[in-house]
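# Per-entry structural report
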Amino acid sequence: NPSGTAKVNDSNASVRMLTAYIQGEYKTIEYTYLYHENRFSSVGRLNDQLTSNLHEKFGTKQVGYYWSLAKDIGAHLGTDWYVAPFFRYEYINFHDEVDASAFENSDYETQYYTSGLTIKPIYNIALKFDVTRYTDKADGGDHRQLNIGLGYIF
(Lines give C-alpha, C1' and ligand atoms only; values in the text may rest on other atoms or scores of the structure.)
Protein backbone atom coordinates (compact mmCIF):
# COMPACT_ATOMS: atom_id res chain seq x y z
CA ASN A 1 0.00 0.00 0.00
CA PRO A 2 1.70 3.26 -1.11
CA SER A 3 0.39 5.38 1.75
CA GLY A 4 1.96 3.08 4.34
CA THR A 5 -1.36 2.27 6.01
CA ALA A 6 -2.76 -1.23 6.20
CA LYS A 7 -6.01 -2.01 4.41
CA VAL A 8 -8.28 -4.15 6.56
CA ASN A 9 -11.66 -3.41 4.99
CA ASP A 10 -13.35 -6.40 3.40
CA SER A 11 -16.55 -5.90 1.41
CA ASN A 12 -17.69 -9.40 2.45
CA ALA A 13 -17.38 -8.62 6.19
CA SER A 14 -20.44 -8.45 8.37
CA VAL A 15 -21.24 -8.14 12.06
CA ARG A 16 -24.28 -9.60 13.80
CA MET A 17 -25.07 -8.59 17.37
CA LEU A 18 -27.69 -10.35 19.46
CA THR A 19 -28.82 -9.28 22.94
CA ALA A 20 -31.45 -10.61 25.32
CA TYR A 21 -32.25 -8.87 28.61
CA ILE A 22 -34.65 -9.80 31.38
CA GLN A 23 -35.20 -7.94 34.64
CA GLY A 24 -37.87 -8.42 37.25
CA GLU A 25 -38.87 -9.48 40.72
CA TYR A 26 -40.23 -12.76 42.00
CA LYS A 27 -41.45 -13.03 45.61
CA THR A 28 -39.26 -10.05 46.66
CA ILE A 29 -36.14 -11.47 44.95
CA GLU A 30 -34.87 -9.11 42.24
CA TYR A 31 -33.28 -10.78 39.22
CA THR A 32 -31.48 -9.66 36.10
CA TYR A 33 -30.19 -11.67 33.14
CA LEU A 34 -28.34 -10.40 30.08
CA TYR A 35 -26.93 -12.38 27.15
CA HIS A 36 -24.96 -10.87 24.28
CA GLU A 37 -23.07 -12.30 21.34
CA ASN A 38 -21.17 -10.84 18.42
CA ARG A 39 -20.55 -12.80 15.21
CA PHE A 40 -18.03 -11.53 12.69
CA SER A 41 -17.52 -12.83 9.18
CA SER A 42 -14.42 -12.41 7.00
CA VAL A 43 -12.00 -11.44 9.78
CA GLY A 44 -8.98 -12.90 7.97
CA ARG A 45 -7.68 -9.62 6.55
CA LEU A 46 -8.09 -7.88 9.91
CA ASN A 47 -6.31 -10.73 11.72
CA ASP A 48 -3.43 -10.66 9.22
CA GLN A 49 -2.86 -6.98 10.06
CA LEU A 50 -3.27 -7.33 13.84
CA THR A 51 -0.83 -10.11 14.69
CA SER A 52 0.86 -13.25 13.46
CA ASN A 53 0.32 -14.99 16.83
CA LEU A 54 -2.46 -17.52 16.22
CA HIS A 55 -3.65 -17.29 19.85
CA GLU A 56 -4.16 -13.51 19.71
CA LYS A 57 -6.27 -13.26 16.59
CA PHE A 58 -9.78 -11.81 16.55
CA GLY A 59 -12.51 -14.37 17.26
CA THR A 60 -15.42 -14.88 14.88
CA LYS A 61 -17.85 -15.26 17.80
CA GLN A 62 -17.76 -13.48 21.15
CA VAL A 63 -20.18 -14.37 23.94
CA GLY A 64 -20.97 -12.76 27.26
CA TYR A 65 -23.72 -13.08 29.81
CA TYR A 66 -24.50 -12.33 33.41
CA TRP A 67 -27.20 -12.98 35.94
CA SER A 68 -27.74 -11.40 39.32
CA LEU A 69 -29.98 -11.80 42.35
CA ALA A 70 -30.70 -9.28 45.11
CA LYS A 71 -33.12 -8.89 48.01
CA ASP A 72 -34.07 -5.72 49.87
CA ILE A 73 -33.81 -6.51 53.60
CA GLY A 74 -34.23 -2.93 54.87
CA ALA A 75 -37.63 -3.64 56.45
CA HIS A 76 -36.13 -6.59 58.37
CA LEU A 77 -33.50 -4.21 59.76
CA GLY A 78 -36.10 -1.65 60.88
CA THR A 79 -35.33 0.97 58.24
CA ASP A 80 -37.04 2.32 55.14
CA TRP A 81 -33.69 2.48 53.34
CA TYR A 82 -33.12 0.04 50.50
CA VAL A 83 -30.52 -2.41 51.83
CA ALA A 84 -29.90 -5.29 49.44
CA PRO A 85 -27.26 -8.00 49.50
CA PHE A 86 -26.63 -9.25 45.97
CA PHE A 87 -24.73 -11.84 43.94
CA ARG A 88 -23.76 -11.54 40.28
CA TYR A 89 -22.12 -14.11 37.97
CA GLU A 90 -20.57 -12.98 34.68
CA TYR A 91 -19.05 -14.96 31.81
CA ILE A 92 -17.13 -13.51 28.85
CA ASN A 93 -15.45 -15.42 26.02
CA PHE A 94 -13.84 -13.44 23.21
CA HIS A 95 -12.77 -16.67 21.47
CA ASP A 96 -16.01 -18.64 21.64
CA GLU A 97 -15.37 -19.41 17.96
CA VAL A 98 -12.39 -18.60 15.75
CA ASP A 99 -11.80 -18.97 12.03
CA ALA A 100 -9.34 -21.40 10.44
CA SER A 101 -6.47 -18.88 10.66
CA ALA A 102 -6.49 -18.81 14.47
CA PHE A 103 -6.34 -21.09 17.50
CA GLU A 104 -8.90 -20.78 20.29
CA ASN A 105 -7.31 -19.10 23.31
CA SER A 106 -8.88 -20.05 26.64
CA ASP A 107 -7.16 -17.05 28.28
CA TYR A 108 -9.95 -14.98 26.67
CA GLU A 109 -12.56 -16.88 28.69
CA THR A 110 -13.21 -15.09 31.98
CA GLN A 111 -15.66 -15.60 34.83
CA TYR A 112 -16.57 -13.04 37.50
CA TYR A 113 -18.22 -13.77 40.85
CA THR A 114 -19.39 -10.67 42.72
CA SER A 115 -20.99 -10.55 46.18
CA GLY A 116 -21.93 -7.29 47.79
CA LEU A 117 -24.35 -4.88 49.38
CA THR A 118 -26.25 -1.94 47.88
CA ILE A 119 -27.62 0.73 50.22
CA LYS A 120 -29.95 3.52 49.05
CA PRO A 121 -30.77 5.99 51.83
CA ILE A 122 -32.99 7.75 49.24
CA TYR A 123 -34.07 6.46 45.84
CA ASN A 124 -31.46 8.24 43.71
CA ILE A 125 -28.37 7.81 45.91
CA ALA A 126 -26.64 4.41 46.00
CA LEU A 127 -23.71 3.18 48.07
CA LYS A 128 -22.19 -0.11 46.94
CA PHE A 129 -19.68 -2.40 48.57
CA ASP A 130 -18.68 -5.62 46.87
CA VAL A 131 -15.93 -8.16 46.35
CA THR A 132 -15.28 -9.60 42.88
CA ARG A 133 -13.33 -12.73 42.13
CA TYR A 134 -12.43 -13.14 38.49
CA THR A 135 -10.81 -16.17 36.94
CA ASP A 136 -9.46 -17.16 33.56
CA LYS A 137 -7.32 -20.03 32.36
CA ALA A 138 -4.12 -17.99 32.08
CA ASP A 139 -1.26 -18.60 34.49
CA GLY A 140 -2.17 -16.78 37.70
CA GLY A 141 -5.66 -16.13 36.38
CA ASP A 142 -7.41 -15.90 39.76
CA HIS A 143 -7.82 -12.40 41.20
CA ARG A 144 -9.93 -10.66 43.84
CA GLN A 145 -10.94 -7.04 43.98
CA LEU A 146 -12.72 -4.91 46.59
CA ASN A 147 -15.03 -2.25 45.14
CA ILE A 148 -16.61 0.69 46.94
CA GLY A 149 -18.85 3.04 45.02
CA LEU A 150 -21.17 6.00 45.36
CA GLY A 151 -23.77 6.56 42.67
CA TYR A 152 -26.37 9.13 41.76
CA ILE A 153 -29.35 7.93 39.74
CA PHE A 154 -30.87 10.72 37.67
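Let me begin by describing the structure that accompanies this report.

Calculation notes
- Residues numbered from 1 in each chain as written.
- Predicted model: local features only at pLDDT ≥ 70, side-chain atom pairs only at ≥ 80, totals over all residues.
- Heavy atoms only, no water.
- Pairing = 2+ DSSP bridges.
- Helix = DSSP H or I, 4+ residues; strand = E, 2+ residues; numbered from the N terminus.
- Buried < 20%, exposed > 50% of the residue type's maximum accessible area, 1.4 Å probe, protein only.

### A look at the pairing of strand β2 (residues 29–40)
With twelve bridges connecting them, strand β1 (residues 15–26) and β2 associate as antiparallel partners. Bridge pairing in β2 links G24 to Y31. Of the pairings in the sheet, the one linking β2 to strand β3 (residues 61–71) comprises eleven bridges and is antiparallel in character. Looking at the pairing, T32 lines up with S68 of β3.

### With respect to unusual backbone geometry
Within the chain, K27 stands out as a residue other than glycine whose phi angle is a positive 50°. Considering the arrangement of structural elements, one finds K27 in the loop between β1 and β2. At T28, a residue that is not glycine, the phi angle is positive and equals roughly 70°. By secondary structure assignment, the location of T28 is in the loop between β1 and β2. Note on T28: relative accessible area 42%, which makes it partly exposed.

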